[in-house]
Amino acid sequence: MPELTEHAPIAARPGRSLAALAAERVLELLVRICGYSATFFVFSIFLFVLLSGSDFILNRLNPGEFLLSTEWVPTSVTNKRYGTLALTLGTLSVTSLAMLIAVPFGLGAAVYVSEFTTGRTKEILKVIIELLAAIPSVVWGFIGLVIMNPLIIDWFGAPIGLNVLNGGVLLGLMSVPIIVSIGEDALKAVPDSYREASLAMGATRWQTVVHVLFPAARSGLLAAVLLGVGRAIGETIAVLMATGHSVQIPHSVLDSVRTLTATIASELGETARGSDHYQALFAIGVLLFTLTFIVNLSADLIVRGARGQR
Amino acid sequence: MDEAVQLPFAPTDATRRSRRREAIARVFLGAMTAMLVVPLLAILGLLVAEGLPALTWEFLLTSPAAGMTAGGIFPAIVGTLWLVGVSLAVAAPIGVMAAIYLNEYATDNWGTRIINLAIVNLAGVPSIVHALFGVGAFVLFLGLGTSILAASLTLAVMTLPVIIASTKEALAAVPLSFRQACWVLGASRWQTIRHVVLPNSIQGILTGVILQVSRAAGETAPIMFTGAAFYLPFLPQSVQDQCMALSMHLFTLSTQVPGVPEAMPYATALVLLALVMTVNLTSILVRSYLRARRKW
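The rules behind each value
Residues numbered from 1 in each chain as written. Chains lettered and ligands numbered in written order. Predicted model: local features only at pLDDT ≥ 70, side-chain atom pairs only at ≥ 80, totals over all residues. Helix = DSSP H or I, 4+ residues; strand = E, 2+ residues; numbered from the N terminus. Rg over C-alpha atoms; globule rule 2.2 N^0.38 Å. Buried ≥ 20, exposed ≤ 12 C-beta atoms within 10 Å, placed from the backbone. Contact = placed C-beta atoms within 7 Å. Nonpolar A, V, L, I, M, F, W, Y, C, P; charged D, E, K, R; others polar. Expected span 1.5 Å × (residues − 1). Arc of directions from axis to C-beta. Axes fitted to C-alpha atoms, helices over the stretch in contact; angles between N-to-C directions. Parallel < 35°, antiparallel > 145°, perpendicular 65-115°, else oblique. Left-handed = near helix turned anticlockwise from the far one by under 90°. Core = buried A, V, L, I, M, F, W, Y, C linked by C-beta atoms within 7 Å. pLDDT = per-residue confidence, 0-100.

**A look at the overall build of chain B**
At step 1: Summing up its helical and strand segments, chain B has 11 helices and two strands in all.
At step 2: Walking chain B from its N terminus toward its C terminus, one meets helices and strands in the order α-α-β-β-α-α-α-α-α-α-α-α-α.
At step 3: Its C-alpha atoms give chain B a radius of gyration of 26 Å, more than 25% over the compact-globule value 19 Å for 296 residues.
At step 4: Its C-alpha atoms give chain B principal-axis dimensions of about 90 × 65 × 35 Å.
At step 5: Expressed as a percentage of the 296 residues in chain B, the buried residues total 48%.
At step 6: Across chain B, every contact between residues at least 6 apart in sequence was considered, and the portion connecting residues at least 24 apart equals 75%.

**Things to note about the overall build of chain A**
At step 1: When you go through chain A residue by residue, the secondary structure sums to 15 helices and two strands.
At step 2: For 310 residues, the compact-globule estimate of 2.2 N^0.38 gives 19 Å, and the C-alpha radius of gyration of chain A, at 24 Å, exceeds that figure by more than 25%.
At step 3: Projected onto its principal axes, the C-alpha positions of chain A cover 75 × 65 × 35 Å.
At step 4: Looking at the 310 residues of chain A, the share that counts as buried comes to 45%.
At step 5: At a minimum sequence separation of 6, the contacts of chain A that also span at least 24 residues come to 74%.

**Thoughts on the interface of chain B and chain A**
At step 1: Chain B puts 80 residues into the contact, and the matching count from chain A is 78 residues.
At step 2: Within the side of chain B that touches chain A, the residues separate by chemical class into 53 nonpolar, 19 polar and eight charged.

**Considering helix 2 (residues 18–35) of chain A**
At step 1: Between its first and last C-alpha, helix 2 of chain A extends 25 Å over 18 residues, near the 26 Å set by a 1.5 Å rise per residue.
At step 2: Among all positions of helix 2 of chain A, only V31(A), C34(A) and G35(A) are buried. In an axial view of helix 2 of chain A, the angular spread of the buried residues amounts to 105 degrees, which keeps them on one side of the axis. Away from the buried face of helix 2 of chain A by more than 90 degrees, exposed residues L18(A), A19(A), A22(A), R25(A), V26(A) and L29(A) are located.
At step 3: In this fold, the buried residues of helix 2 of chain A make contact with helix 3 (37–52) of chain A together with helix 3 (74–105) and helix 4 (110–124) of chain B.

**Observations concerning the packing of helix 3 of chain B against helix 8 (residues 189–216) of chain B**
Residue and element names in this part refer to chain B.
At step 1: Here helix 3 crosses helix 8 at 135 degrees, and the two axes come no closer than 10 Å. Relative to helix 8, helix 3 is oriented oblique. As for how helix 3 packs across helix 8, the hand of that crossing is right-handed. Residues V84, S87, L88, A91, A92, V96, I100 and E104 of helix 3 lie in contact with helix 8, whose contacting residues are R189, I193, V197, I205, V209, V213 and A216.
At step 2: A class-by-class count of the residues in the contact of helix 3 with helix 8 yields 12 nonpolar, one polar and two charged.

**Topic: the packing of helix 10 (residues 246–255) of chain B against helix 11 (residues 263–293) of chain B**
All names here are of chain B.
At step 1: Where helix 10 meets helix 11, the axes come as close as 9 Å, and the angle between the chain directions of the two elements is 160 degrees. Our classification of the angle between helix 10 and helix 11 gives roughly antiparallel. For the crossing formed where helix 10 meets helix 11, the hand is left-handed. In this structure, helix 10 contributes L246, S247, H249, L250, L253 and S254 to the contact, and helix 11 contributes M264, P265, T268, A269, V271 and L272.
At step 2: In terms of residue class, the contact of helix 10 with helix 11 is built from eight nonpolar, four polar and no charged.

**Concerning the environment of L83(B)**
Residues and elements named next belong to chain B.
At step 1: With respect to the helices, strands and loops of the structure, L83 is situated in helix 3.
At step 2: Its 33 C-beta neighbours within 10 Å are what place L83 among the buried residues.
At step 3: Residues L83 and S147, 64 residues apart in the sequence, show an inter-C-alpha distance of 9.9 Å.
At step 4: With residues near it in sequence (within four places) discarded, L83 still touches I148, A151, S152, L155, I223, C243 and A245.

**Things to note about the nonpolar core**
At step 1: Counting 175 residues, the largest nonpolar core has I179(A) and L160(B) as the members making the most contacts within it.
At step 2: With 16 residues, the top contributor of residues to this core is helix 3 of chain B.

**A closer look at the environment of L125(A)**
At step 1: Note on placement: L125(A) falls in helix 7 (residues 119–134).
At step 2: The class for L125(A) is buried, based on 21 C-beta atoms found within 10 Å.
At step 3: For the pair L125(A) and S52(A), spaced 73 residues apart in sequence, the C-alpha to C-alpha distance is 44 Å.
At step 4: Each residue touching L125(A), except ones within four places of it in the same chain, is listed here: V113(A), T117(A) and T33(B).

**Remarks on the confidence of the model for chain A**
At step 1: Residue-level pLDDT values for chain A average 87, and 94% of them are 70 or greater.
At step 2: Confidence drops under a pLDDT of 50 for residues 1–6 of chain A, and excluding neighbours within four residues, the segment shows three contacts in the predicted structure.

Right, dumping it as C-alpha cells:
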C-alpha cells in the first residue's frame, strides 16, 4: 500500500510517555515477526521433511532409480527397491482426468457466475461453490467408496471400482471450487470499460466473453487452472480411499493406481522410524513439495506478470 | 416480393446468429454451473437419508464398542473439538498479526513479495507433506510425541495462510480515509490500528477465521500420524494426550474395520459434514450480512 507510507504518521509526538512508545515498539516488532511467519514455515517444512530423510537421500538413494524406476518394493526382504515412477504416473493420471472435468466446468461456471448473473443469484451461486469447497476430503473419499465404486462396476463392467476414474472424478469435483473462485476473480479484475466498449460495438455478452474477456483475463484464468492442478496433486485422503492400492502404470481409466500422496499416507504408519523405507517416504514428500512448489510458483508468477502488463 | 419494406433496424442474419449463440451459451454455461450443485445436493441428501436413522443421542454420546462395530462417536466429537480449538488458539493470533503487518505496515518491496509468495506456497503444500512436517518438527524434534498439541500445531500451520488471506481482506475493506483521519489527529500507526482499523473490521476478521478453521475439522491426513488415534478408550485430559477425531474415525470405519454396520460410517460422515457446514454457512451468512450493513 504505497498510499499509506506517503502520509506516514509520527509515533514519537510530544506528550507520549516512554513506556507507551516502548510498548508500541514491542507490539510492532511482534506484528512484524508474525508477518514473516509464513516464510519461516515454508522454509522449515522443506527443511524438516528433507532432514528427516536426509541420511537415506544423501547416502543410499539413487536419484535415477528413484525418479525413473517403476519398482516400488520397499518391503522386500532381499531386494528393496524405491522407484517412484509408477506412483508419479498414478498422480499424473488421476490429476489429468480431474482437470479434464474441472477445467471446463470450473471456467464455465466462473464465466457464468461472473458475466451472466447478477445480484441475489450471483450471491447464492457463490455460497454454493463455497459449500462445495467445504466438504472434507475424507467425506469425498467415503463417497468414492460407497457410491462411485459400485456405480463404476455397474456401468463399465470394471472388476473393481476403485480406480483412476473414481479418483479423477472426485478430484475434479474437489478442484472445481478453487478454479471457479480464482477464475471469477480474474474476470472481475478486467475493467468494466472493456465490457462496455465491446457491448457498445454491438457484441453480445458471449462474444464479449470470447473475444475480449478471455484474452484480457488469460493469465488469471491460467493461474486458476494451475492452482486447481496443485490442489489435485496434493490431495491425499480422497485418492487414498478411491483409487485402489496397486502400484502400477495405468493403461486405462479403469486401472487401479496409487498416487505419491496415498503412498505416504498408507505406509508411514507401518514403517519403523528411521528405517530406509521411512526415510524414502520423506523423500517422496520432498518430491511432492517440489512439484507443488513449482506449480504454485508458476501460477503466482503468471498472475504477477499479468498485473505488471496492465 | 413481400420483403420490399426493409425496416431500418431489422436484425440481419448475422445478428440473429449471434443472438442465437448467445442464448445457447447462456443455457449451456448455466447448465454447467447447475451441475456443480448436483453433487453437493446428492451428497447431502444421501448422507441424510442413510445416516439420519442411525443418528441417535446414544450414538452421539457414547464411546465406540465391540471393536468399533457398535456404540457411538462421542470421543471423536470431543477430539475434533480439542483439535480445532487448540489450532484456532495458535493460528488465529499469528495469522491476524501477520495480516496486520502485511496490510498496515509492509511496503511494496522484495521482502513483502517473498512473504506473499510464501503464503501462496504454504497454502499449496499438500496435506500429507504437512503431516510429514508435523512428524518431523513437532512429534520428534520438539519432542511433543503424538499428541493433541502436535496435531493441532500441524493443523495451525496448515490453516495459517487462509487465515492471513481472509484477515487481510477484512482489513483492506476499511477505507484509507478512516486511517488518514486518525493520523491527522496525531495518532500513531499502532493507535490507529488499535482504535480505528480493528474495531471496524473485527467482525469480518472473526468470521473469516472461524470459516477457515472449521475446515480444519475435516482434515485427516495432517492428524493421522501426529495425534489422532484409531481408537482410545478414554477422553483426552490434556493437550499431551492423543485423541480420536471425526474425520479419522470416518476413515477408520470405512477402510480399516471389517463388519461395521452400514449406517455407522454414514452417520459419522453426516455429523462431520453437519459440523463443518453449519459453521461455514453461518459465517458466510454473517459475512454477507456485514457486507450489506457496511456504512461506507
